[in-house]
Amino acid sequence: ANYIAILSILISMFSVMTKSLILSQGAEKTTFVWSWLCMVTDFFSIFFTLTWVFYSSDIVTSEYLNFFNLFGFMWFCKFSASVALPVTIGLIGFFGFGYWFMVYVLYRDEGRRSCKLSCCGFTILWLVFSPLLAVVVAFCACILLEVFCFAFAALFVYAFCTERIHKYSQALVSKCVQQMLQFIRAGRSSQDRRIRVLAVNYGLNKASKRQCKSMAAYIERTIDEDENGDNYAKLKQISYEDIRENSGNARKANLYRDLTMDLKKQWSSVTDIDDMEDCTGCLAYTF
């Protein structure tokens with residue numbers, strides 16, 4: 001019976017693995033398979049974790065905290081440090097600052113708006129339901145942080161790499177991207193790979209019908225500035241930072257700068273109450 005149960009579980013897991021292929025995304029097959037493996041790894045890891053945390057036998061008899069075995073105690077320590085602690089800090093920040101900041105925003109807005117009844121209603125809703133919502137969000141965050149790990153890496157690659165490639169799901173686009181990546185990976189050194197990145201971008205800029213061809217102009221300008229006549233001497237000194245700064249969209253190419261600018265913009269929109277149309281917008285931006 002035990003073997004039948006184990007076989008049934010393995011078949012169910014294999015079924016989930018194959019069905020998760022439809023969720024995987026990638027501009028070429030390597031990224032597609034890697035994204036799929038990230039999701040499969042998280043699925044197996046949570047099953048493995050739950051199995052060993054609550055495992056009990058004559059061999060594993062040690063008890064910690066009157067509930068866990070050795071493996072469960074190790075998991076509990078990991079969960080407390082990597083999941084529960086950040087979520088707890090977030091809750092403390094919300095109840096210590098965010099909650100009262102929003103109360104102040106609604107109170108100040110109530111005094112400036114003519115719809116005082118509506119503003120008063122939103123204030124009461126916030127005072128009553130926002131603590132409950134915060135607890136629910138914290139619980140969901142604990143589950144997401146515990147279950148998903150490699151899936152966050154796959155989501156990051158999709159959001160900031162794959163999704164930015166126009167029509168990446170088409171076979172022709174996928175084939176072109178794969179050939180370009182293979183060409184870049186064939187570089188024997190970091191310097192060689194940078195030259196290949198420049199070559200790919202130069203070809204794309206020249207073939208593009210768009211007016212913005214900043215990368216091609218930058219490469220040609222760099223070659224013209226070489227006084228020794230060596231067309232590659234100056235190009236070999238170009239860094240990845242130079243490539244990002246002279247790309248067609250330097251903001252998106254600099255990921256950290258792009259994220260910080262978006263956060264600053266969102267924060268400014270939240271704190272600038274005078275530019276908001278109504279109290280509902282204020283509440284939505286806070287969420």
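Structure first, text after, so check above.
Residues numbered from 1 in each chain as written. Predicted model: local features only at pLDDT ≥ 70, side-chain atom pairs only at ≥ 80, totals over all residues. Heavy atoms only, no water.

**With respect to the pattern of salt bridges**
- Under the counting rule described, the total for this entry stands at two salt bridges.
- A salt bridge links glutamate 146 to lysine 78, with the nearest nitrogen and oxygen atoms 2.9 Å apart. Placement of the pair is glutamate 146 in helix 4 (residues 116-147) and lysine 78 in helix 3 (residues 70-112), with a sequence separation of 68 residues.
- The class of glutamate 146 is buried, set by a relative accessible area of 15%.
- Taking relative accessible area as the criterion, lysine 78 reaches 39% and is therefore assigned partly exposed.
- A salt bridge links arginine 196 to aspartate 192, with the shortest nitrogen-to-oxygen separation between them at 3.4 Å. Linking arginine 196 with aspartate 192, this pair stays in helix 7 (residues 190-207), spanning four residues, or about one helical turn. (Salt bridge = Lys/Arg side-chain N within 4 Å of Asp/Glu carboxyl O. Helix = DSSP H or I, 4+ residues; strand = E, 2+ residues; numbered from the N terminus. Buried < 20%, exposed > 50% of the residue type's maximum accessible area, 1.4 Å probe, protein only.)

**Some points on the packing of aromatic side chains**
- Summed over all chains, the structure comprises twelve aromatic pairs.
- For the ring pair phenylalanine 94 and tryptophan 126, a centre distance of 6.0 Å and an interplane angle of 65 degrees mean the geometry is edge-to-face. Of the two residues, phenylalanine 94 is situated in helix 3 and tryptophan 126 in helix 4; the sequence distance between them amounts to 32 residues.
- Taking relative accessible area as the criterion, tryptophan 126 reaches 4% and is therefore assigned buried.
- With a centroid separation of 6.3 Å and an interplanar angle of 70 degrees, the aromatic rings of phenylalanine 148 and phenylalanine 152 are classed as edge-to-face. (Phe/Tyr/Trp six-rings, centres within 6.5 Å; stacked < 30°, edge-to-face > 60°.)

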